Amino acid sequence: MSRQLINLSPDLKRLSDEGYDIEIKAGFLLVHSVPYLNANQELCSGTLVSTLSLAGDITTVPSDHVVHFIGEYPHQKGGGEITQIKHANETKSISEGTVINFSFSNKPAGGYANYHAKMTRYIDIITAEAESAFPLSRVTAKSFKPIEGKAEHSVFQYLDSSSSRGGFQASSQKLVGLKVGIIGLGGTGSYILDLIAKTPIAEIHLFDDDHFLQHNAFRSPGAASLYDLKAQLIKVDYYQKAYSKLHKNIFAHPLKVTESNAAEMAPLDFVFICVDSASSRQFLVRKLEEMQISFIDVGMGIVSVNDMLIGQVRTTISTASTRDSAIKSIPLSDTENDNEYATNIQICELNALNACMAVMKWKKQYGFYQDLENEICSIYELNTNLIVNLNQ
Amino acid sequence: MTADFETSKQEHRNEIIVIVNGRQKVVSKDTLFYSEIVILAFENATFNDTTVFTVTFSRGHDADKPAGVLVAGDTVKVKKGMIFNVTSTDKS
């Protein structure tokens, strides 16, 4: 409820986006983590409190210019109390659980236009002294404290303030509610997880029956610890645990998808196929077509020439209208050419690139990004640095 | 005299150097099939119903499409210096 008030009121949203530690409590606006100097010139942290004038769900012009303060009286650098704000010294409770110690007054001609102007005015006056006294420390009220995701419908453990700051919440909304599967948590699959876990989709389902072993650590986002490696967890469990720190709804399916368990894919809206074996790919492609689920299939081919690597990174999309065309670009049988894919070659950047291309194409399906090309398959060619598209 | 000149022009025209998977190859046709490009990359490549190689090209002829993707059955006009890449893009 208070998050909504903050998001809908431009002045409060601006305070939040700029990194101020704000809270709405019992109808009051609190700004925590305001640095100030006390009587002993010590660096302290206080809270400014203001009443809020509201019209329904958003703020209106502040009705008064007074703020309250929780802390000791703020002092000037090397001197006495900051007198330009002095108003009243009275410790009192203004609401249940909120006890203030002082009230300040600094009235500009014409009053404060909004709560951003009002609060930053007081913050600036108080904090300037502290900043000046401690020039080498990062003294600021813009603490960018992590905000826990308390909203009942949030899929994140903490708030996605990136979308708010970037101003693309409307685009992100297009992904809400989706249930997405990743089959195969190898190099590319794990990078896809890393990316989609940061989107507000409803659920992420991971399918793989392999264990997370030492060599996997070198084609995986983030950094596995020696402790993690010793545990030899099943990949889907390792990744579910790691990314649950961010996204609440990640489900591990420690299995290889076959006819007998394919029904577990039924609730999914979209699937990323990130497997190595041709027989798996063949089965999955046919099964998902039959289940009428759209999917993206990824794959790379790396070969060696004169001791240097070259190759291609492919992203193919298959939707209801493009099933037949998509199949033309998906390798469904094992080939005996010299595909060099030694597990000790560190090419995780290619896995990451493949994952990025797959996630961007996926987002285009929901209008997050514009798609004028509507390619069915796109291939990044290493030695020419080109991305070529297949349209039919 | 004229016939000799024609022949040498013919021979010259038939030897086009292209690059396939980072290596120079000599091609003696104006147009190549998808399968021929795959063989240039992998001499012993075999084809069946489900085999799919990813064949990409650039620095090609067509002003409209100097770069692109070929699928089974496609052809492309050959140009000197054209670059082809062929792999089985099946690893994740």
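Reading guide: rules and limits
Residues numbered from 1 in each chain as written. Chains lettered and ligands numbered in written order. Predicted model: local features only at pLDDT ≥ 70, side-chain atom pairs only at ≥ 80, totals over all residues. Heavy atoms only, no water. Salt bridge = Lys/Arg side-chain N within 4 Å of Asp/Glu carboxyl O. Helix = DSSP H or I, 4+ residues; strand = E, 2+ residues; numbered from the N terminus. Buried < 20%, exposed > 50% of the residue type's maximum accessible area, 1.4 Å probe, protein only. Phe/Tyr/Trp six-rings, centres within 6.5 Å; stacked < 30°, edge-to-face > 60°. Lys NZ or Arg CZ within 6 Å of the ring centre and 35° of its normal. Core = buried A, V, L, I, M, F, W, Y, C linked by side-chain atoms within 4.5 Å. Contact = heavy atoms within 4.5 Å. Pairing = 2+ DSSP bridges. Axes fitted to C-alpha atoms, helices over the stretch in contact; angles between N-to-C directions. Disulfide = S-S within 2.5 Å. Buried area = accessible area lost by both parts, 1.4 Å probe. Polar contact = N/O pair within 3.5 Å; in protein donor to acceptor, adjacent residues only side chain to side chain.

**Here's the deal with the pattern of salt bridges**
All names here are of chain A.
Now for step 1: In this structure the tally under the stated criterion is 16 salt bridges over all chains.
Now for step 2: Here lysine 118 ties to aspartate 64 by a salt bridge, and the two come within 3.4 Å at their closest N and O atoms. You can see lysine 118 sitting in helix 3 (residues 115–133) and its partner aspartate 64 sitting in the loop between strand 5 (58–59) and strand 6 (66–70), a full 54 residues away along the chain.
Now for step 3: Taking relative accessible area as the criterion, aspartate 64 reaches 28% and is therefore assigned partly exposed.
Now for step 4: Among the salt bridges present, the one from glutamate 375 reaches lysine 361, with a minimum N-O distance of 3.4 Å.

**Focus: the packing of aromatic side chains**
All names here are of chain A.
Now for step 1: For the structure shown, the criterion picks out 14 aromatic pairs over all chains.
Now for step 2: An angle of 70 degrees between the planes, with centres 6.2 Å apart, marks the rings of tryptophan 362 and tyrosine 366 as edge-to-face.
Now for step 3: With 4.8 Å between their ring centres and 80 degrees between their planes, phenylalanine 368 and tyrosine 369 make a pair best called edge-to-face.
Now for step 4: The side chain of lysine 86 reaches across the aromatic face of tyrosine 73, ending 4.6 Å from its centre.

**Side note on the nonpolar core**
Residues and elements named next belong to chain A.
Now for step 1: The biggest cluster of nonpolar side chains holds 34 residues, and the ones touching the most others in it are Ile182, Ile192, Leu193, Ile196, Leu206, Phe272 and Trp362.
Now for step 2: Taken together, the elements giving at least two residues each to this core come down to strand 9 (179–183), helix 6 (187–196), strand 10 (203–207), helix 8 (235–243), strand 12 (270–273), strand 13 (294–305) and helix 11 (348–364).
Now for step 3: Per-element accounting of this core gives the leading share, 5 residues, to helix 11.
Now for step 4: Excluding its chain neighbours within four sequence positions, the residues that come into contact with isoleucine 192 are Ile182, Phe272, Cys274, Ala355, Ala358 and Val359.

**Examining the sheet that holds strand 14 (residues 308–318) of chain A**
Residues and elements named next belong to chain A.
Now for step 1: Sheet architecture is open: 8 strands sit in the order 11-10-9-12-13-14-15-16, paired in mixed fashion. Strand pairing shows two members of the sheet lacking a second neighbour, strand 11 (250–253) and strand 16 (386–390), which therefore form its edges. Here the strands of the sheet are splayed against their neighbours by 15 degrees on average, with no regard to which way each runs.
Now for step 2: Sheet topology note: the strand 9/strand 10 ladder contains 5 bridges and is parallel. In the sheet register, lysine 179 faces strand 10, and the bridge partner there is glutamate 203.
Now for step 3: Across the face of the sheet, helix 9 (residues 278–290) comes into contact with strand 9, strand 12, strand 13 and strand 14 while running at roughly 160 degrees to strand 13.

**Points about unusual backbone geometry**
Residue and element names in this part refer to chain A.
Now for step 1: Phi angles above zero are rare outside glycine, and phenylalanine 144 is one such case at about 50 degrees.
Now for step 2: Position of phenylalanine 144 relative to the elements: it lies in the loop between helix 3 and helix 4 (161–166).
Now for step 3: In this model, glutamine 232 sits at a positive phi of 45 degrees, which is unusual for a non-glycine residue.
Now for step 4: On the accessibility criterion, glutamine 232 (47% relative accessible area) is partly exposed.

**Things to note about the state of the cysteines**
Now for step 1: All told, the structure shown has 0 disulfides over all chains when counted by the stated rule.
Now for step 2: With no disulfide of its own, cysteine 377 of chain A lies 15 Å from the sulfur of cysteine 274 of chain A, the closest cysteine sulfur.

**Thoughts on the interface of chain B and chain A**
Now for step 1: Taken together, the 27 residues of chain B in the interface contact 43 residues of chain A.
Now for step 2: Taking both partners together, chain B and chain A bury about 2900 Å²; carbon and sulfur atoms supply 54% of that area.
Now for step 3: Its largest share of buried area at the contact with chain A, chain B owes to Thr89, Lys91 and Ser92 of chain B, together 27% of the area lost on that side.
Now for step 4: Summed over the shared surface of chain B and chain A, the result is 0 salt bridges.
Now for step 5: Across the contact surface, chain B and chain A share 13 residue pairs in polar contact (both at pLDDT 80 or more).
Now for step 6: If you list the elements that add at least two residues to the side of chain B that touches chain A, you get strand 4 (54–58), strand 5 (68–70) and strand 7 (83–87) of chain B.

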